[in-house]
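Fold and geometry: a report
Letter by letter, the chains look like this.
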Amino acid sequence: MLVLEDLRSTVISVRVSDSACDCLLGISVLTSLYSCAYCLRVSIQAIWYILFRACLLLFAIIILASNVSYTRASVKSGNKIKSATFLSPKFVLGPGSVENRFYRNVDFPKGHIGIKNFKAEVIDDTGNPVPLHETYLHHWLVSRYYQQLDVVETNHEQKFKESDHISARNSGLCQNGILDQYFGLGSETRKTASHIPDPYAIEIGNPAEIPVGYEERWMLNVHAIDTRGAEDRLGCTECRCDLYNITVSEWGRPLRPDYKGGLLCCYDHTQCKVKQGFQGTRRSLYLQYTMEWVEWDSDIIPVKIFIFDVTDTGKRLNGSTGYGPENGCQVEYEIKSCSSSDTAVNECVDVKRTNLTMPTAGYLIYGVAHQHTGGIGSTLYGKDGRVICNSLPTYGDGKEAGNEAGYIVGMSTCYPEPGSIQITAGEKLVLESNYRRDQKHTGVMGLFYILIADRTPNRTSLSQAPIHLHVNMKGSTYAAAIIALFGMTIAVAVTVHSRLKKWRGEGYQPMLA
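As recorded in an unreviewed UniProt entry, the chain goes by the name Stress up-regulated Nod 19 protein, listed as coming from Salix viminalis.

See the structure below:
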């Protein structure tokens, strides 16, 4: 019995992956059952149980090899996921130039819906993705607001009165006017998962939430830096003030003496230094964003968006609005290069932490950090040091878009089992952001996005939810190989079954399970 259990656990524990050797290992284990069964006189029922589980395992491998993915739909049948792709207004960049504009009333799905996914990237006027080493995507942000119905916006960049609109920000924690966005990422946008698992979604367009006489609208901020021919490409992406020759902010206020780089030095229409004699054309670019959503119904569980900032001082001054040296979230900070003594002590790593207080209770549904070049990961801790979410960067090692060497091209995300990670109201949290200090970095960030739900799904209802199957048959050659292995498994099963029948006829007593 012990041997049988070991065999069964061996078969079932064969790891499902895209590795061909793992598949062959599964077949090897199955074929070995022939000789083991002969020696151990394993019962027909036990062998067939193992073979049945193994066949299910290999069927799962076939599914993975065929690039098939499953999405559990909303509990309410017929509520299908919709998708649409939009383009930002055109912006034109030449070598060293900067785009940092706010486009109001951009294209967005209408109605009372639940957002399930939001992806974005910079493309050129032919629709091709633009790599980061040509145009660095510092960030893109999408914010919600309510606009008075009697106010006509004639163009995307129209300046309107504060009294004409109401900000509909996320759930916090920064002061008003800072990190208000619903969606947003940076260079990591192409390879960072952003889908929201079922039955959860970000609720928008709820008529009960829209003030009377107003309409829900959306604003897009795109901050892009053209680094073609840059004298110091990293310095341009980190907005070093000397490379931009900036001493005053875009509002005309002098920069403080210790401010060496960041958002205040790479605002719209500034110019980073390029190599002498470099020639490059100006080109038209767009932010392409793709959204997925479902029509809202009572079975969807809404999530709240929280954005934490490692530079948050915890103070709320001047009416808790806008930037200030000590006022709440500073958004960015500087990393000093390490000395020889630092290297011996902490391996040349900058560790920055801040304490936060969670205002409401809920269950973690999703989590991800945002860092710049030099970042090596960020962790959100809960009470007693428990890890709520750890997010690590992926650096590219090539030239193609999505794999640019030296850039953060993705951040790992957290999708915990529903109900497994709960944050209580008033819980003390610690946000930690880590950067390498091999060299100086300016304008870095240590943000953390989480989605929180106030309840978990009813398991009975969830188990009845329809499952959508999405198939991509690219790589069919590999899939065919797996199917062939599956056929071999069936052949082995038939052989074992035949041999076991013969054993019984010869009077062998099978081992009891």
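The next point concerns the nonpolar core. Trp-140, Phe-183, Ile-202, Tyr-244, Phe-308 and Ile-450 are the most contacted members of the largest nonpolar core, which has 94 residues in total. When residues in this core are grouped by element, the largest group, seven residues, is from strand S24 (residues 446–453). Residue contacts for Ile-202: discarding those within four places in its chain leaves Ile-113, Gly-114, Ile-115, Tyr-182, Phe-183, Ile-196, Trp-296, Val-303, Ile-305 and Leu-451.

The strand order S14-S22-S16-S17 describes an open sheet built from four strands, whose pairing is antiparallel. On the outer flanks of this sheet lie strand S14 (349–357) and strand S17 (387–391), each paired with one strand and no other. Shown here is a sheet whose adjacent strand axes are inclined to one another by a mean of 15 degrees, direction ignored. Both strand S16 (residues 375–381) and S17 contribute to a ladder of four bridges, which runs antiparallel. By the bridge assignment for S17, Leu-380 is matched with Cys-389.

Per-residue confidence for the chain averages 79 on the pLDDT scale, and 69% of its residues sit at or above 70. For residues 55–77, every residue scores under 50 in pLDDT, and the model assigns this stretch 77 contacts once sequence neighbours within four places are set aside. Low pLDDT, under 50, characterises residues 461–513; the predicted model gives this stretch 100 contacts beyond four residues in sequence or across chains.

Let us now look at the pattern of salt bridges. Overall, the coordinates contain 21 salt bridges when judged by the stated rule. Ionic pairing is found between Glu-334 and Lys-336, a salt bridge with its closest N-O pair at 3.6 Å. With a relative accessible area of 58%, Lys-336 lands in the exposed category. For the salt bridge of Lys-440 with Glu-334, the shortest nitrogen-to-oxygen distance reads 3.9 Å. Remark: Glu-334 occurs in strand S13 (residues 333–335) and Lys-440 occurs in the loop between strand S22 (428–436) and strand S23 (441–444); sequence separation between them is 106 residues. What you see here is one network of salt bridges that share partners, running through Glu-99, Arg-101 and Asp-268.

Here is what the cut-offs are and how they apply
- Residues numbered from 1 in each chain as written.
- Predicted model: local features only at pLDDT ≥ 70, side-chain atom pairs only at ≥ 80, totals over all residues.
- Heavy atoms only, no water.
- Core = buried A, V, L, I, M, F, W, Y, C linked by side-chain atoms within 4.5 Å.
- Buried < 20%, exposed > 50% of the residue type's maximum accessible area, 1.4 Å probe, protein only.
- Helix = DSSP H or I, 4+ residues; strand = E, 2+ residues; numbered from the N terminus.
- Contact = heavy atoms within 4.5 Å.
- Pairing = 2+ DSSP bridges.
- Axes fitted to C-alpha atoms, helices over the stretch in contact; angles between N-to-C directions.
- pLDDT = per-residue confidence, 0-100.
- Salt bridge = Lys/Arg side-chain N within 4 Å of Asp/Glu carboxyl O.

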